[in-house]
Amino acid sequence: MNIALFSDSYLPTKSGVVTVVVQLRKILTELGHHVVIVTVSSHESGGGEADPDVLRVHSIPSPFGDNQYIGFPHKRAVVAFLKAHGVQIIHSHTEFFIAHVAKQAGKALRIPVVATTHTMWEDFYRYYLMGGRLIPVKVIRKLVQRLYKKFYALINVSEKAHDYFKSPAMLPRTPSAVIPNAIDTKSFLAKKPTDEALLSLRRSLAIGDDDVTLVFIGRVVEEKRVEELFSVIVQVLDQRPQVKMLFVGSGGAIYDLEQATHHRHLEQRIIFTGFINWDALSLYYRLGDIFVTASLSEMHSMTVLEALVSRLPVVCRRDESFFDTVFHGENGYLADSDEAMVSHIIDLVDHPERRAAFAARSHEIAKHFSLRTHGLRTVAFYEAALARYPQAVSDAELRAAVAAVQQEED
């Protein structure tokens, strides 16, 4: 099968969506399919592209985050690129301009255009749009509905995403199925440091042998509720002197958090690493004893999957996006409030044997999200769509195709 993935986030930029697209391209290729990419140019890439299977379109920096771009593709060039590669189906990982040309190209070539729903824009817009806090949610909901309504079918990464898009105010008639995100375990854990290298990294970050280290990895931005997480951590540190906190990642909220850390004289206990390349992230997970996040805006968190693969217990807020990765009392805790997070974290700090049991369970749960299974399910979704196109495919047909794929481990 010849497949085109459209995305306004791609290498060398790093994000959850980039990881998803890179991993999907890899596994589809390994399964014998030909995959091309239509994506943005970026300052990091220099606007050029050595890979003949990647089409970079003109883009400008986006206001929606660091190292993010808005693409302005030319339909004619995109259609010519897809024709040259004999593309049979288009899979969009964005809903903006690149998605618009994906739908135009699909119509011109008479092939289906499907999309994965990655972002809960109702939780994001108020942080990025000028005057966003004054815009009613129903306005954003209407916009999202309009952006997604002309896709042939949707892949939802979680039941949370499925329920949202199936709600009466959204797109209840658009056929869809749930295919959770996955993790390329072999690639993620490929960098195996020596004990000396890990010890050196611990020393460079002032993490002692007896410290219990909490770790957050991801974009340090408001919509991830990092300020609320910071408040939780300060309460934990006040009660447990052996605890340290590691924020791994970059983002617009870092300056304020660093200032708050300095104000409280906690520079030796709350550590900010800044941006870390994905291929080195596994080292930082290995420094942690407990993964923590207060985010309520996830669709299906890639960093939580990485934490599971890294054998870490997880303490997070109770949110439907975590219901298939974090099981309360088994591999972590789902806190009903920020205040409850404090007691759950302290419970794991005080009970190392419980941390070890939760860590082992996380490793077992991670096996349910193998990249090979994800790839096979995605192909089954494509095949079900192609079998019906241009007539409408049903939810039942898509769900049955995905469910028929047996779970495999990487």
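Just so you know, these numbers come straight off a predicted model, no measurement behind them. (Residues numbered from 1 in each chain as written. Predicted model: local features only at pLDDT ≥ 70, side-chain atom pairs only at ≥ 80, totals over all residues. Heavy atoms only, no water.)

1. Comments concerning the overall build of the protein
Along the protein, the regular secondary structure elements total 16 helices and 15 strands. Over its C-alpha trace the protein gives a radius of gyration of 21 Å, about what one expects of a compact globule, namely 22 Å for 410 residues. Once the C-alpha set of the protein is aligned to its principal axes, its extents read approximately 65 × 45 × 45 Å. For the protein, with 410 residues in total, the buried portion stands at 57%. Between the averaged position of the 45 positive side-chain charges in the protein and that of its 47 negative side-chain charges there is a distance of 8 Å. (Helix = DSSP H or I, 4+ residues; strand = E, 2+ residues; numbered from the N terminus. Rg over C-alpha atoms; globule rule 2.2 N^0.38 Å. Buried < 20%, exposed > 50% of the residue type's maximum accessible area, 1.4 Å probe, protein only. Lys, Arg positive; Asp, Glu negative; His and termini not counted. Charge placed at Lys NZ, Arg CZ, Asp CG, Glu CD.)

2. Some points on unusual backbone geometry
Note that the residue after Leu11, namely Pro12, is joined by a cis bond; omega there is 5 degrees. With respect to the secondary-structure elements, Pro12 resides in the loop between β1 (2-7) and α1 (16-30). Cis geometry is found at the peptide bond from Tyr389 to Pro390, where omega equals 10 degrees. In this fold, Pro390 is placed in the loop between α15 (371-388) and α16 (395-403). The backbone of Arg311 shows a phi angle near 65 degrees, a positive value even though the residue is not glycine.

3. As for the packing of aromatic side chains
When we look at a pair of aromatic rings, we describe it by the centre distance and by the angle of the planes. One pass over the full model with this rule turns up 11 aromatic pairs. An angle of 50 degrees between the planes, with centres 5.8 Å apart, marks the rings of Tyr148 and Phe151 as tilted. The exposure class assigned to Phe151 is buried, which follows from its relative accessible area of 4%. A centroid spacing of 5.6 Å and a plane angle of 70 degrees characterise the contact between Phe188 and Tyr285, whose relative ring orientation is edge-to-face. Of this pair, Phe188 sits in helix α7 (residues 185-188) while Tyr285 sits in helix α11 (residues 278-287), placing them 97 residues apart in sequence. Overall, the relative accessible area of 0% leaves Tyr285 in the buried class. Taken together through their ring pairs, the aromatic side chains of Tyr148, Phe151, Tyr164 and Phe165 make up a single cluster. For the cation-ring pair, Lys103 lies above Phe151, with the distance from its terminal atom to the ring centre recorded as 4.6 Å. (Phe/Tyr/Trp six-rings, centres within 6.5 Å; stacked < 30°, edge-to-face > 60°. Lys NZ or Arg CZ within 6 Å of the ring centre and 35° of its normal.)

4. Section: the side chain of Thr39
If you trace the backbone, Thr39 turns up in strand β2 (residues 34-40). Not counting chain neighbours up to four residues away, the residues in contact with Thr39 comprise Ser7, Asp8, Ser9, Tyr10, Val54, Leu55, Arg56, Val57 and Ile98. (Contact = heavy atoms within 4.5 Å.)

5. Topic: helix α6 (residues 159-166)
Judged by how many residues are buried, α6 sits mostly within the fold: 6 of 8 residues are covered. For α6, the full list of buried residues reads Lys160, Ala161, His162, Tyr164, Phe165 and Lys166.

6. Structural notes on empty space enclosed by the protein
One simple way to see leftover space: roll a probe sized like a water molecule over the atoms. Using the criterion set out here, one finds 1 cavity of 30 Å³ or more in the structure. Empty space within the largest cavity amounts to approximately 50 Å³. Every residue lining the largest cavity is listed: Val20, Leu24, His91, His93, Thr116, His118, Ile155, Val157, Ile179, Asn181, His374 and Thr378. Of the residues belonging to the lining of the largest cavity, the class tally is 5 nonpolar, 7 polar and no charged. (1 Å grid on protein atoms, 1.4 Å probe; cavity = no way out; pocket = protein on both sides within 12 Å on 5 of 7 lines; lining within 4 Å. Points joined across faces, edges and corners; volume = space filled by probe spheres on them. Nonpolar A, V, L, I, M, F, W, Y, C, P; charged D, E, K, R; others polar.)

7. Brief notes about the sheet that holds strand β14 (residues 314-317)
Reading across the sheet, the 6 strands line up as β12-β11-β10-β13-β14-β15 and stay open at both edges, with parallel pairing between neighbours. Looking at strand neighbours, the two that pair on one side only are β12 (270-274) and β15 (332-335), the edges of this open sheet. Sheet twist, expressed as the average angle between the axes of neighbouring strands with direction ignored, equals 20 degrees. Two strands pair when backbone bridges link them, and β14 and β15 are joined in this way by 4 bridges, in the parallel orientation. (Pairing = 2+ DSSP bridges. Axes fitted to C-alpha atoms, helices over the stretch in contact; angles between N-to-C directions.)

8. Structural notes on the sheet that holds strand β9 (residues 176-178)
The 7 strands lie next to each other as β3-β2-β1-β6-β7-β8-β9, forming an open sheet whose pairing is parallel. At either end of the open sheet lies a strand with only one pairing partner, and these are β3 (54-57) and β9. Strand-to-strand twist in this sheet, taken as the mean axis angle between neighbours without regard to direction, amounts to 20 degrees. Relative to strand β6 (residues 89-92), β1 runs parallel, the two being bridged by 4 bridges. Looking at the pairing, Phe6 lines up with Ser92 of β6. In the packing of α1 onto the sheet, contacts are made with β1, β2, β3 and β6, and the angle to β1 comes to roughly 170 degrees.

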